[in-house]
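Structural description and commentary
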Amino acid sequence: MESVSLNRMGRSEQGKCGREEEGGKNKQEGRRKREKLRRDGHLCNVFVQKGVNEVVVTLGGGTNASFAPFSDYIELLLLPLLSRLCHLHASLEVVKRGFFPRGGGEVKVSVMKADKSWSGFKLEERGEVTSITLWVAAAGAKQEEVQEMEAAALALLKRDASVRKAVTKAKIARADTRRAPSKGSALLIVAETSTGCLLAGDALSGKEKQSGKQLGEAAAKSLLAQLRHGGCVDEHMQDQLLVYGALASSPSHILTGPLTDHTRTGIAVLTQLIPSLKVEVEKKGGTTNLIKLLPHSQ
């Protein structure tokens with residue numbers, strides 16, 4: 001098997017990840033968005049790259065940072081969806097955790113070249129939530145604080161009838177944070193539905209001290225907000241799937257909640273880069289939208 005190994009160290013190196021004193025919150029968020037766009041572009045580019053069967057990329061920086069999905073989100077939601085919907089295969093391994101604001105983490109991504117062009121996909125039926133999984137990454141936190149975070153998240157979720165049954169069978173997974181260069185706590189809550197949709201909510205410790213209960217409740221509220229609109233994807237996934245629908249050989253439909261700025265920007269950029277692409281956004285009631293990606297103006 002031919003393969004290429006690349007070492008790419010991002011800007012958010014140890015000591016440089018999200019320093020608010022160098023430009024404030026808006027500059028920090030802008031940097032997160034630019035890094036996210038570069039990462040998503042690299043991933044999609046590798047799937048269609050000619051001449052190699054596999055590309056292995058090492059990325060350094062923040063694995064759990066604000067204003068962007070965690071590395072765990074890419075591993076547990078985006079990559080499984082791409083495998084199921086588009087038959088595109090990749091894996092992500094968190095070698096070392098890097099928490100906001102210090103960073104210093106490292107991930108290894110392995111991407112297999114697509115065998116052929118992929119067909120469009122339809123994400124139009126959300127279904128019922130059938131499983132809930134808590135993914136916990138905590139470095140330097142006491143065991144009681146981690147348990148408090150998990151318990152608070154589950155307690156708040158149990159109050160909501162739409163997920164109560166799934167919460168009774170909830171799973172908890174804790175990440176290895178022994179190599180993390182700094183303290184930090186992150187909680188990602190993943191919901192899977194009867195139709196195979198994956199949605200998530202998260203919470204991350206910041207500069208201000210937060211209790212385990214506060215973090216747990218914040219993550220639970222984040223997930224419930226993503227489920228409330230009735231779409232098939234959360235706020236992060238709606239823009240990440242755009243490029244794969246745009247490059248598919250047939251139309252793709254994505255049922256979303258309110259369109260994010262990332263999604264609006266993604267649509268604008270893709271239609272400029274691919275003149276034959278037509279994108280329609282159909283209001284479905286409330287804050288729900290149906291994005292239709294029509295390649296080759298189908």
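In what follows, the structure referred to is the one given above.
This text gives an overview of the structure that appears in the document.

Cut-offs and rules
Residues numbered from 1 in each chain as written. Predicted model: local features only at pLDDT ≥ 70, side-chain atom pairs only at ≥ 80, totals over all residues. Heavy atoms only, no water. Helix = DSSP H or I, 4+ residues; strand = E, 2+ residues; numbered from the N terminus. Contact = heavy atoms within 4.5 Å. Expected span 1.5 Å × (residues − 1). Buried < 20%, exposed > 50% of the residue type's maximum accessible area, 1.4 Å probe, protein only. Pairing = 2+ DSSP bridges. Axes fitted to C-alpha atoms, helices over the stretch in contact; angles between N-to-C directions. Polar contact = N/O pair within 3.5 Å; in protein donor to acceptor, adjacent residues only side chain to side chain.

Take the side chain of Ser-205 next. For Ser-205, the position within the fold is in the loop between strand 9 (198–204) and helix 5 (212–228). Each residue touching Ser-205, except ones within four places of it in the same chain, is listed here: Phe-100, Gly-184, Ser-185, Gln-210 and Leu-215.

Glancing now at helix 5. Its 17 residues give helix 5 an end-to-end C-alpha distance of 24 Å, which sits within 8% of 24 Å, the value for a rise of 1.5 Å per residue. All of the buried residues in helix 5 are Gly-212, Leu-215, Gly-216, Ala-219, Ala-220, Ser-222, Leu-223, Leu-224, Gln-226 and Leu-227. Those residues of helix 5 hidden inside the fold are in contact with strand 6 (129–139), helix 3 (143–158), strand 8 (184–193) and strand 9. Of the residues flanking the end of helix 5, it is Gly-230, one or two places downstream, whose phi is positive at about 85°.

The next thing to look at is the sheet that holds strand 12 (residues 289–294). The strand order across the open sheet built from four strands is 5-10-12-11, with neighbouring strands paired in mixed fashion. Where the open sheet ends on each side, the last strands, each with one partner, are strand 5 (122–123) and strand 11 (278–283). Pairing of strand 5 with strand 10 (residues 252–256) involves two bridges; the strand directions are parallel. Bridged to Leu-123 within strand 10 is Ile-254.

Quick look at the sheet that holds strand 9 now. To summarise the sheet geometry, strands pair through backbone hydrogen bonds and adopt either a parallel or an antiparallel arrangement. Strands sit in the order 7-6-8-9 across an open sheet of four strands; the sheet is mixed. Among the strands making up the open sheet, the edge pair consists of strand 7 (171–174) and strand 9. When strand polarity is set aside, the average angle formed by the axes of neighbouring strands in this sheet is 20°. Bridge analysis of strand 8 against strand 9 gives seven bridges, and the strand direction is antiparallel. Among the inter-strand pairings, Glu-192 is bridged to a residue of strand 9, identified as Leu-198. Against the sheet, helix 2 (residues 71–86) engages strand 6, strand 8 and strand 9, with an angle of about 170° to strand 9. Docked against the sheet, helix 5 engages strand 6, strand 8 and strand 9, running at close to 150° with respect to strand 9.

Here Arg-178 is to be found in the loop between strand 7 and strand 8. Distance from Arg-178 to Gly-140, taken between C-alpha atoms, is 9.0 Å for residues 38 residues apart in sequence. In this structure the side chain of Arg-178 is engaged in a polar contact, spanning 2.8 Å, whose partner is the side chain of Asp-176.

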